[in-house]
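Residue-level structure breakdown
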Amino acid sequence: MNNDEIIQVKDLKKYFKTSLGIVRAVDGISFTIREGETFGLVGESGSGKSTTAFTIMGVYEPTDGEIYFKGSPLPKSVKKRPLSLRKEMQMVFQDPGSSLNPRKRIGQIIELPLRVHRLHVGRERERVKELLEMVGLPVDFINRYPGAIGGGEKQLVAIARALASEPSFIALDEPTSALDVSMQAKIINTLLRIQKELNLTYLFITHNLSLMRNVASRVGIMYLGKMFEVAETSEFFHKPLHPYTKMLLSAIPVITEEEEKIKPKRVISRGEIPSPVNVPSGCYFHPRCIDCMEICKKEDPPMVEVSTGHFVKCHLYT
Ligand code: SF4
């Protein structure tokens, strides 16, 4: 493990038993997150990206595999994690409406982590005002209820609450997907500014590849619980390798000439994502892949490092 790696995920699996069979939501993924970076996890709905974040945060216990935080293995369940660890790792959810208690004033919501972790004792109220200012909200929000503010403002309150415990790592699960475009930009700018000011590390989950280009330092792409490709953001967009990455990149709308130049040739999407209870043999992507070979139907390809820091899981590169 390198010194600058704050999170290390090794062969992580999370399966769920359902009435239809076993859902392999996360199926043996490995990646690291470096201190101070934004690691972007992208994928279509059902790819396992949110389950990955929930498992790292201890909301779900892994079926198998290891997660390390700052070099030490993490207890599997959040209940077994010491308070000092929970203080360091925070999460912001997709729907701020359901993550804020509607019966509590915003001041009380942000103050709670200060009391739990015994931070800024005796000046909690002032600290709440500082946190509101940090996320760009007026301090008089302290006496309002979540129901009296907009969706974007609720998300900023959720970010202020996450910051209250003074974490070093925040998992952001589609933090802007429920918001309109102008509010999305405000939230992203706020998150990036705070990250610089406080040297935070983010795991940023989204299905929006264009957004990833602007926020992430490195990107990982998931499909049916598997990690298909991991690379520095610029390498990911300029030299995508995996056929699935190329398919997704070729479908995103471009605005600038520079984006048009690097966009892969249009790859027509074949078929739908298979059911996660009935995954294909071999490479999970083979029924949809235009480059599919015989071996792809039988053998799951290994993840290989094709150039420094650029990993891909595809038989074309083994
Ligand atoms: Fe396509 Fe084969 Fe690569 Fe899978 S392993 S993405 S089927 S070429």
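Structure's up top.
Residues numbered from 1 in each chain as written. Predicted model: local features only at pLDDT ≥ 70, side-chain atom pairs only at ≥ 80, totals over all residues. Heavy atoms only, no water.

Topic: the packing of helix 6 (residues 151–164) against helix 7 (residues 181–198)
Worth spelling out the cut-off: The angle between two axes is taken between their N-to-C directions and runs from 0 to 180 degrees, where each axis is a line fitted to C-alpha atoms and a helix contributes only its stretch in contact. For the purposes of this entry, the term helix denotes a DSSP run of H or I that reaches at least four residues, the term strand denotes a run of E that reaches at least two, and both are numbered from the N terminus. By definition in this entry, angles of less than 35 degrees are roughly parallel, angles greater than 145 are roughly antiparallel, angles of 65 to 115 are roughly perpendicular, and the rest are oblique. Take the far helix as the reference: if the near one is turned anticlockwise from it by less than a right angle, the crossing is left-handed, and if turned clockwise, right-handed. It only takes one pair of heavy atoms within 4.5 Å for two residues to be counted as in contact. Amino acid classes used here: Ala, Val, Leu, Ile, Met, Phe, Trp, Tyr, Cys and Pro are nonpolar; Asp, Glu, Lys and Arg are charged; the rest, including Gly, are polar.
The interhelical angle for the contact between helix 6 and helix 7, taken along N-to-C directions, is 15°, at an axis separation of 10 Å. By the criterion of interaxial angle, the relationship of helix 6 to helix 7 is roughly parallel. Where helix 6 crosses over helix 7, the two elements pack in a sense that is right-handed. Listed contacts from helix 7 to Gly152, Glu153, Gln155, Leu156, Ile159 and Leu163 of helix 6 are Met183, Lys186, Ile187, Thr190, Leu191, Ile194 and Leu198. Tallied by class, residues from the contact of helix 6 with helix 7 come to eight nonpolar, three polar and two charged.

Some details on the layout of surface pockets
Once rolled over the atoms, a probe with the size of a water molecule shows which space is left empty. Going by this rule: A cavity here means a set of points on a 1 Å grid, drawn over the protein atoms and nothing else, where a 1.4 Å probe fits but cannot get out; a pocket is an open set with protein on both sides within 12 Å along at least five of seven lines, and a residue lines either one if it has an atom within 4 Å of a point. Grid points are joined across faces, edges and corners, and a volume is the space filled by probe spheres set on the points.
As a volume, the largest pocket reaches approximately 550 Å³. Arg86, Met89, Gln90, Met91 and His117 are the residues nearest the centre of the largest pocket, which is lined by 20 residues in total. Listing elements by their share of the lining of the largest pocket, those giving two or more residues are helix 2 (83–88), strand 6 (89–92), helix 4 (106–116) and helix 6. With four residues, the top contributor of residues to the lining of the largest pocket is strand 6.

Topic: empty space enclosed by the protein
Applying the stated criterion to the full structure yields five cavities of 30 Å³ or more. The volume enclosed by the largest cavity comes to roughly 80 Å³. Around the largest cavity, the lining residues are His242, Cys283, Phe285, His286, Cys289, Asp291, Cys292, Met293, Cys296, Cys314, His315 and Leu316. Of the residues in the lining of the largest cavity, the class split is eight nonpolar, three polar and one charged.

Side note on the environment of Gly71
Looking at the secondary structure, you find Gly71 in the loop between strand 4 (64–69) and strand 5 (72–73). Along the backbone, Gly71 and Glu5 are 66 residues apart, and their C-alpha atoms lie at a distance of 8.0 Å.

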